There are 2 protein chains.
Amino acid sequence: MNHKIALLGCGTVGSGVYKLIRDWGDSLAQRTGQCFEPVSIAIKSLDEPLSVDVPRSILTTDAIAAARHPDTSIVIELMGGVDFPFQVVMAAIEAGKHVVTANKALLAHKGPELFAAARKKGVCIGFEASCMGGVPIIGPLRLGLIANRIDALFGIVNGTCNYILSEMTLKKRSYQQALADAQKLGFAEANPALDVSGMDSAHKLAILSSLAFGIQVDLGQISVEGIDTLKLSDINAAAELGYVVKLLAIGQRDADGFSLRVHPAFIPKDHPLANVTGPFNAMSLYGHAVGHVFFYGRGAGQMPTGSAVVSDLVDVALGNAQRSFQNLEIWPDQHAVTALKPIDNIESRYYVRLMMYDRPGALASVTRILGEHKISLSAVVQHEIPEESTDKTVVPVVIMTHRAAEGNVKAALVEAERTAVVKGKPVRIRVVEQYAEPKS
Amino acid sequence: MNHKIALLGCGTVGSGVYKLIRDWGDSLAQRTGQCFEPVSIAIKSLDEPLSVDVPRSILTTDAIAAARHPDTSIVIELMGGVDFPFQVVMAAIEAGKHVVTANKALLAHKGPELFAAARKKGVCIGFEASCMGGVPIIGPLRLGLIANRIDALFGIVNGTCNYILSEMTLKKRSYQQALADAQKLGFAEANPALDVSGMDSAHKLAILSSLAFGIQVDLGQISVEGIDTLKLSDINAAAELGYVVKLLAIGQRDADGFSLRVHPAFIPKDHPLANVTGPFNAMSLYGHAVGHVFFYGRGAGQMPTGSAVVSDLVDVALGNAQRSFQNLEIWPDQHAVTALKPIDNIESRYYVRLMMYDRPGALASVTRILGEHKISLSAVVQHEIPEESTDKTVVPVVIMTHRAAEGNVKAALVEAERTAVVKGKPVRIRVVEQYAEPKS
């Protein structure tokens, strides 16, 4: 069967989709019985340089007209951004087109509205490509793990951040050096804010959590910290203590509610996520029946993400995506917004580094403050003043805590910062231990 | 919608499926709109002790009658074995029932025949549970990675063997000790032959390769070596050299044909598969678009495998499994049997251990034989005669080779064994390097 498609956006991923359909189309037709024919490609300007040869006759700058094109049955949205893609996807849905998108920002901000509109119109939205690039993760959440109550997920879902952290860890580069390398190699955007702030990870966490937990997530309630303030010295300290620093997207079903957060974390170096380096992505999921399941692969890039888009095309072309979409009660628009557990209530172990003046009783006054906030310590390490240090009056003191509530740790460190023995703002990084699988 | 099901076999996995449907059924109904009602459960004898409470009224010893039960729409085959399940599944297909099975032996031996019969009758066969237990792997091969030419797969697909090898590696247990432990803990059968011979892995390799490569596999052409002859000393030698020994199922698309094989292998200790320990399973897949994708989780057990069976039930209940089955040209019965590349033509690096008499020129005579068979050496290690050795006349010599054809290595070692300087049969274990992802 032949399916006429509109490709909205022809950047990195759009070019990949076009190439896969062009070069792999015959094989795909043989294996699936489905053919895909791009009948319009919407770009910003007809002068835009494209990394793939496409017929000029199907290029347009009118994405909304392309989305509504009467010949088209499937619209692929790969433009990026939120507001304009929202208009375009809504136009496609209203015109009765199925939509395939890789746009996590769009889905994280406007998913429920789009899903509801699609359901009303009897069309579906495929978004396998929105999270973890070429790694099948939406499919397994939608079907393969459907027999499970998912209890927790821990993911490395942003390749840019993981590349930067890997460079800092393995090559002892500073954050700025590693970012510059990543930009040179195309692993980071010229403006890396969306990635390094943790916001892109939060978008993906919102999408994955809504499917995994059957909740509607208010993006604003996710606690988000990025990697842009991380210091090489803390990454080195992690290694000394047997940990690796990763930016994690975490969703947990606790007895008192769901907690969703994105932040850098110390993870034990024998954790499967610790060995995920470079631009790769990975996800640990814990289901009540299946236990620990782990997925790993390329989370971005032309061909991997293109691969996920094309798998959605096949799913729609077979008619299966529509059935899943109409029958499964797992999409965010079918649930009310769930209030998330406030971050201050979340308990964790912590790595804390304070720059302390080398005075008698200094350490005692800080540990007293921690004790008053019910934070007990598992280790304290004070090295000599480093030779390369420019300020010989202060020395780094590293403290590993036992489990403590975030709110208490924050309050204690604010108080510590106000004392005369601590210089500057203390550094605090959560420690994420191996997740204890619940017994089923 | 309510679906009446027949459960054939109520052992470990059957009980898990029953429990999931019983305890998780409401939640499943809410999330999928589908209800599953077991209307018959076939067991070998009505006196068989069951690990789950089921109504006596639906128990039967007549599996064929249960498979044909007019009320039933889906038959779940979890009996194990080949010949009788084949009859039963054929009876179910002929009676127009969809079939869900976890039986890899059945599919590896009789898959094409069963698939052809099902296709003719307009029913489908779901087998997500046949490989890697709860880890979604059939689903991703069927859909998520459909846009890829899969070039290679490397899997740890037998939890029993992986548990035994992990115990040998991490706790320095002998094969016999580790097997006994595994039996005590329920990770190995009283008769472990199917697992430790590598045959169970070969069954799964046949199924996964047929989907991944679009070929029909003749089980008899897969080269299979088990773990039952592995010595602790070789596992220790691997660790010294920076490797871990794993039983791998390997499928590769080479320029001159497909090679499929199961054998113990040295893998570098930073390979993702090297860190898969205990009863866990894992699979590295390489697709031309997606690159390296890695899946990990529990490959067996009541609830993980039950989880996979139930996901197939939902897929059938939604009507999606049928569409995939009827429309996708990826099932083995749609292809002629593919002649596999003879194992003697496969090139690999090798670990070789010879017990050699400590005589002048001994090593030279062996290395000369290897050279004559075009095998070049990357390392030779000869330790002192170990103190605990009972035969002080021989010393273990470890040789790491560069890439060489299997046939040449075999021939050289047969010749070496015939010399007067080598005692007993030389040990030879293939080295599997990181797979170089082809540039797409």
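Structure's up top.
The structure displayed is predicted, hence computed values, not measured ones.

1. Quick look at the overall build of chain A
Phase 1 of the analysis: Scanning chain A for helices and strands turns up 14 helices and 17 strands.
Phase 2 of the analysis: In terms of overall size, chain A behaves like a compact globule, its C-alpha atoms giving a radius of gyration of 24 Å where 440 residues would be expected to give roughly 22 Å.
Phase 3 of the analysis: Considering only intrachain contacts with a sequence separation of at least 6, the fraction spanning at least 24 residues in chain A is 75%.

2. Remarks on the environment of Leu205 of chain B
Residue and element names in this part refer to chain B.
Phase 1 of the analysis: Residue placement: Leu205 occurs in helix α9 (residues 199-213).
Phase 2 of the analysis: With 29 C-beta atoms packed within 10 Å, Leu205 lands in the buried category.
Phase 3 of the analysis: Through-space distance from the C-alpha of Leu205 to that of Leu248 is 9.7 Å; in sequence the pair is 43 residues apart.
Phase 4 of the analysis: Excluding anything up to four places from it in sequence, Leu205 contacts Ile222, Ala249, Gly251, Leu260 and Val262.

3. Examining the relation of the copies chain B and chain A
Phase 1 of the analysis: Once chain B is rotated about the relating axis by 180 degrees and shifted along it by 0.0 Å, it coincides with chain A to within an RMSD of 0.0 Å. Taken together, the rotation angle and the small translation identify this as a two-fold axis.
Phase 2 of the analysis: The overlap is high: 100% of the interface residues of chain B also sit at the interface in chain A, so the same surface is used on both sides.

4. Observations concerning unusual backbone geometry
Phase 1 of the analysis: One non-glycine residue, Lys374 of chain A, lies in the positive phi region at around 65 degrees.
Phase 2 of the analysis: By the element assignment, Lys374 of chain A lies in the loop between α13 (362-372) and β14 (377-382).
Phase 3 of the analysis: We classify Lys374 of chain A as exposed; it has 12 C-beta atoms within 10 Å.
Phase 4 of the analysis: Although it is not a glycine, Lys172 of chain B adopts a positive phi angle of roughly 55 degrees.
Phase 5 of the analysis: Within the secondary structure, Lys172 of chain B is located in the loop between α6 (159-171) and α7 (175-184).

5. Looking at helix α6 (residues 159-171) of chain A
All names here are of chain A.
Phase 1 of the analysis: Between its first and last C-alpha, α6 extends 17 Å over 13 residues, near the 18 Å set by a 1.5 Å rise per residue.
Phase 2 of the analysis: Here α6 lies mainly inside the structure; 11 of its 13 residues are buried.
Phase 3 of the analysis: Those residues of α6 lying buried are Gly159, Thr160, Cys161, Asn162, Tyr163, Ile164, Leu165, Ser166, Glu167, Met168 and Thr169.
Phase 4 of the analysis: The elements touched by buried residues of α6 are β7 (150-156), α7 (175-184), α8 (193-196), α10 (232-240), β9 (243-254) and β11 (280-287).

6. Overview of the interface of chain B and chain A
Phase 1 of the analysis: Between chain B and chain A, the residue contacts involve 51 residues of the former and 51 residues of the latter.
Phase 2 of the analysis: When residues of the side of chain B that touches chain A are assigned to their parent elements, the largest contribution, nine residues, is made by helix α11 (residues 302-318) of chain B.
Phase 3 of the analysis: Taken together, the residues of the side of chain B that touches chain A break down into 24 nonpolar, 21 polar and six charged.
Phase 4 of the analysis: With five bridges joining them, strand β12 (residues 291-298) of chain A and strand β12 (residues 291-298) of chain B adopt antiparallel strand pairing.

7. Remarks on the sheet that holds strand β2 (residues 35-42) of chain B
All names here are of chain B.
Phase 1 of the analysis: One open sheet holds the six strands; their spatial order is β3-β2-β1-β4-β5-β6, and the pairing between them is parallel. With one partner strand each, in any of the chains shown, β3 (59-60) and β6 (125-126) form the two edges of the open sheet.
Phase 2 of the analysis: The pairing of strand β5 (residues 98-101) with β6 spans two bridges and is classified as parallel. Bridged to Val99 within β6 is Ile125.
Phase 3 of the analysis: Packing against the sheet, helix α1 (residues 12-32) makes contact with β1 (2-8), β2 and β4 (74-77), and its axis sits at approximately 160 degrees to β2.

8. Examining the nonpolar core
The nonpolar side chains of a soluble globular protein tend to be buried with one another.
Phase 1 of the analysis: Of all hydrophobic cores here, the largest spans 301 residues; its most connected members are Leu8 and Ile76 of chain A together with Leu8 and Ile76 of chain B.
Phase 2 of the analysis: When residues no more than four places from it in sequence are discounted, the contact partners of Leu8 of chain B are Ala42, Ala63, Ala66, Ala67, Val75, Ile76, Glu77, Leu78, Met79 and Val88 of chain B.

Criteria and thresholds
- Residues numbered from 1 in each chain as written.
- Chains lettered and ligands numbered in written order.
- Predicted model: local features only at pLDDT ≥ 70, side-chain atom pairs only at ≥ 80, totals over all residues.
- Helix = DSSP H or I, 4+ residues; strand = E, 2+ residues; numbered from the N terminus.
- Rg over C-alpha atoms; globule rule 2.2 N^0.38 Å.
- Contact = placed C-beta atoms within 7 Å.
- Buried ≥ 20, exposed ≤ 12 C-beta atoms within 10 Å, placed from the backbone.
- Least-squares fit on C-alpha atoms with pLDDT ≥ 70 in both.
- Expected span 1.5 Å × (residues − 1).
- Nonpolar A, V, L, I, M, F, W, Y, C, P; charged D, E, K, R; others polar.
- Pairing = 2+ DSSP bridges.
- Axes fitted to C-alpha atoms, helices over the stretch in contact; angles between N-to-C directions.
- Core = buried A, V, L, I, M, F, W, Y, C linked by C-beta atoms within 7 Å.

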